[in-house]
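What the coordinates show
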Amino acid sequence: MPLLVKGGRVVTATDDYPADVYCAGETITRIEPSIDLKSLPQGTEVIDAAGKYVLPGCIDPHVHIHLPFMGTYAADDYESASKAALAGGTTTLIEMICPGPADEPYDAFELWRAKAQPLAAVDYTFHMSVVRFDAKVHDQFRKIVAAGVASFKVFLAYKGALNLSDEDLFAAMKLARELGVIVTAHCENADAIDALQKSLLAAGKTGPEWHGPSRPPVVEADGVHHLCTFAELLGTHVYTVHTSCDAAVRAALAARYRGVNVWIESVIPHFVLDETYAERPNFEGAKYVMSPPLRAQVNQAVLWNGVKSRAISTIGTDHAPFRFKDQKQMGRDAFTKIPNGIASLQERIDLVHTHGVCAERISLRTMVDACSTQAAQIFGLYPRKGAIQVGSDADLVVYDPAFRGPFSQATSHSKVDYNAYEGWERIGRASIVTVRGAVQARDGKFVGTIGRGQFLQREPTH
Ligand code: URP
Ligand code: ZN
Ligand code: ZN
């Protein structure tokens, strides 16, 4: 059904103006100061956007949905993740394909696609993790890129699991350069973490509060420096995921100053939660164990200022949901066994709006840039996604800045059994969310069609 979004304030990464937006089929076809309903086909649905922002659908460049990890699986599937995303104003997901070292990469790509295809209600694409790199897998990565996955993921952390040797990392980054794909990277020194974990456990320091001390900021900064050294040698374009602290941001900026093509992502938990959450008694801290860990509060201003100055390109979630009642409990005796991750897919945009825009740390246009447009530009989706332009996909968020209410597990669509932001007051909510012209969510409720989401094929652009 054709759709007219009437009387709203259109806010993009670069512009902020009143306009009506008309969508025919799956795309935006008219943007005008005032569109007369009489000029539109009968049956056009009119959405009253008076007093509201009209934003391009938000893009989360870092989510985990199907994730075999630390002896368990992340709790969401594409249905619950799509509903959470849509309720929070996110219309496109970029999921990490994370196979084990013994798995064949092309099989993993097909498996991840098969998990998404029947259940996705948002559009989606993937970053392809390289967890081993030998002659056997070389051609498979070429095939995966040819099939439309134009970004790799590498882990410098998780020794003995997802971590790549330097030899393999160098070879994978060389292939990425040749193919023109960007390499996204989890930057923490795996061997340093392993040694620190062992000495903490040997000293009887087993609780979740020791997760942070096992991976201090310098360990992350070292990982960023290492990745950027290889990027400098090879010319590969790189993107540091979940960059959490001043030291790591500085390492990336120092590399950028040397001419390295490095983009920085930070994720919402690091902007609003600090290390004291992981220190909560009675194992509650396990709810807040993620990697890199939550940091000292002083780092939060560095991240907000990094977004404000646009040194930090994107704000993602690193949505990695694990239930407290059974999955987080796996680490009762040793923090090294607590599945790492925090669910934030539904909360991201409202947290950025509340703690970023309303707290005057960043502008509304910067929020749109960091939560939508930059991800589209860096990962080859722009201007189909991340824009409000004639010809762009009709992925729109009619956002109500006057809404007030708490975050809560009760209203969350994720299958995780707690909300890391429980009871926090939020300012703003996505009141209408469309994906390619179809309304998929209203006021936090899913009203769309499961399976409507499409795989987005991307061309290498780096
Ligand atoms: O704690 C995290 N971040 N869990 C998910 C896996 C990863 O490192 O992104
Ligand atoms: Zn990671
Ligand atoms: Zn992640």
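The following refers to the structure shown. (Residues numbered from 1 in each chain as written. Chains lettered and ligands numbered in written order. Predicted model: local features only at pLDDT ≥ 70, side-chain atom pairs only at ≥ 80, totals over all residues. Heavy atoms only, no water.)

Examining the coordination of the zinc ion (ligand 2)
The coordination sphere of the zinc ion (ligand 2) contains the protein donors His186 (ND1) and His242 (NE2), at a distance range of 2.0 to 2.1 Å. One can describe the site at the zinc ion (ligand 2) as irregular: its 4 donor atoms subtend angles covering 56 to 150 degrees at the metal. In this model, the zinc ion (ligand 2) sits 3.8 Å from the zinc ion (ligand 3). On the criterion of sequence distance, the pair formed by histidine 186 in strand E12 (residues 182-186) and histidine 242 in the loop between strand E13 (238-240) and helix H7 (246-257) is long-range, its members being 56 residues apart. Pair check on accessibility: histidine 186 and histidine 242 agree, each one buried. (Donors = N, O, S within 2.8 Å, 3.2 Å for Na, K, Ca; no water. Tetrahedral: all angles 85-135°; square planar, octahedral: opposite > 155°, others 65-115°. Helix = DSSP H or I, 4+ residues; strand = E, 2+ residues; numbered from the N terminus. Buried < 20%, exposed > 50% of the residue type's maximum accessible area, 1.4 Å probe, protein only.)

Quick notes on the pairing of strand E17 (residues 425-435)
Counting buried positions along E17 yields 9 of 11 residues, so the element is predominantly enclosed. Relative to E17, strand E16 (residues 396-406) runs antiparallel, the two being bridged by 7 bridges. In the sheet register, proline 406 faces E17, and the bridge partner there is glutamate 425. Hairpin connection between E17 and strand E18 (residues 438-442): a loop of 2 residues separates the two successive antiparallel strands, and arginine 436 in this loop has a positive phi of roughly 45 degrees. (Pairing = 2+ DSSP bridges.)

Focus on the packing of helix H6 (residues 217-234) against H7
It is at 7 Å that the axes of H6 and H7 come closest, and there the two elements cross at 20 degrees. Classed by the angle they form, the pair H6 and H7 counts as roughly parallel. For the pair H6 and H7, the crossing hand works out as right-handed. Taken together, the residues of H7 that come into contact with H6 (itself represented by Pro217, Glu220, Ala221, Val224, His225 and Cys228) are Ala247, Ala248, Ala251, Ala252 and Ala255. Tallied by class, the residues present in the contact of H6 with H7 amount to 9 nonpolar, 1 polar and 1 charged. (Axes fitted to C-alpha atoms, helices over the stretch in contact; angles between N-to-C directions. Parallel < 35°, antiparallel > 145°, perpendicular 65-115°, else oblique. Left-handed = near helix turned anticlockwise from the far one by under 90°. Contact = heavy atoms within 4.5 Å. Nonpolar A, V, L, I, M, F, W, Y, C, P; charged D, E, K, R; others polar.)

Here we look at H7
Between its terminal C-alpha atoms H7 stretches 16 Å, which fits the 16 Å expected from 12 residues at 1.5 Å a residue. By the burial criterion, the buried members of H7 are Ala248, Val249, Ala251, Ala252 and Ala255. Along H7, the residues classed as buried sweep out an arc of 160 degrees about the axis, all on the same side. Every exposed residue of H7 that faces more than 90 degrees away from the buried side is listed here: Arg250 and Tyr257. Of the surrounding elements, those touching the buried residues of H7 are H6, strand E14 (262-267) and helix H9 (298-308). Just beyond H7, the residue with positive phi is glycine 259, at close to 105 degrees. (Expected span 1.5 Å × (residues − 1). Arc of directions from axis to C-beta.)

Comments concerning the state of the cysteines
Two cysteines, two sulfur atoms, one covalent bond between them: this is a disulfide. Applying the stated criterion across every chain, the model contains 0 disulfides. The thiol of cysteine 98 is unpaired, and the distance to the nearest cysteine sulfur, on cysteine 187, comes to 14 Å. A relative accessible area of 2% means that cysteine 98 is categorised as buried. (Disulfide = S-S within 2.5 Å.)

Section: the coordination of the zinc ion (ligand 3)
Within the protein, the atoms that donate to the zinc ion (ligand 3) are His62 (NE2), His64 (NE2) and Asp318 (OD), at distances of 1.9 to 2.1 Å. For the zinc ion (ligand 3), the 4 donor atoms in the first shell make angles of 86 to 137 degrees at the metal, so the coordination geometry reads as irregular. In primary-sequence terms, the residues that donate to the zinc ion (ligand 3) follow H-x1-H-x253-D. Among the residues examined, histidine 64 registers a relative accessible area of 6% and is labelled buried. Assessed through its relative accessible area of 7%, aspartate 318 is described here as buried.

Section: the packing of helix H4 (residues 166-179) against H6
The description of two helices packed together rests on the angle between their axes and the distance between the axes. Direction vectors running N to C along H4 and H6 enclose 45 degrees, while the axes themselves pass 10 Å from each other. Classified by the angle their axes make, H4 and H6 are oblique. Remark: the crossing between H4 and H6 carries right-handed chirality. On the side of H4, the interface is formed by Asp166, Leu169, Phe170, Met173, Lys174 and Arg177, while H6 contributes His226, Leu227, Phe230, Ala231, Leu233 and Leu234. Residue classes in the contact of H4 with H6 are distributed as 8 nonpolar, 1 polar and 3 charged.

Describing unusual backbone geometry
Glycine aside, a negative phi is what most residues show, and trans is what most peptide bonds show. A cis amide bond links serine 291 with the next residue in sequence, proline 292, at an omega value of -10 degrees. Looking at where proline 292 falls in the secondary structure, it is placed in the loop between helix H8 (268-272) and H9. Geometrically, the link from tyrosine 382 to proline 383 is a cis peptide bond, its omega value of 0 degrees lying close to zero. Position of proline 383 relative to the elements: it lies in the loop between helix H11 (364-378) and E16. Located in the positive-phi region is phenylalanine 283, a residue other than glycine, with phi close to 70 degrees. Topologically, phenylalanine 283 is positioned in the loop between H8 and H9. The buried category is assigned to phenylalanine 283, whose relative accessible area is 7%. Even without glycine at this site, glutamate 360 takes up a positive phi of about 60 degrees. Given the relative accessible area of 70%, glutamate 360 is considered exposed.

Side note on H11
With 15 residues, H11 should cover 21 Å at 1.5 Å per step; its first-to-last C-alpha distance of 20 Å lies within 8% of that length. Helix geometry: H11 is bent most strongly at alanine 370, by close to 45 degrees. When you tally the buried positions in H11, you get 13 out of 15 residues, the bulk of the element. At the C-terminal side of H11, glycine 380 shows a positive phi close to 75 degrees. (Bend = angle between axes of the 7 residues up to and from the residue.)

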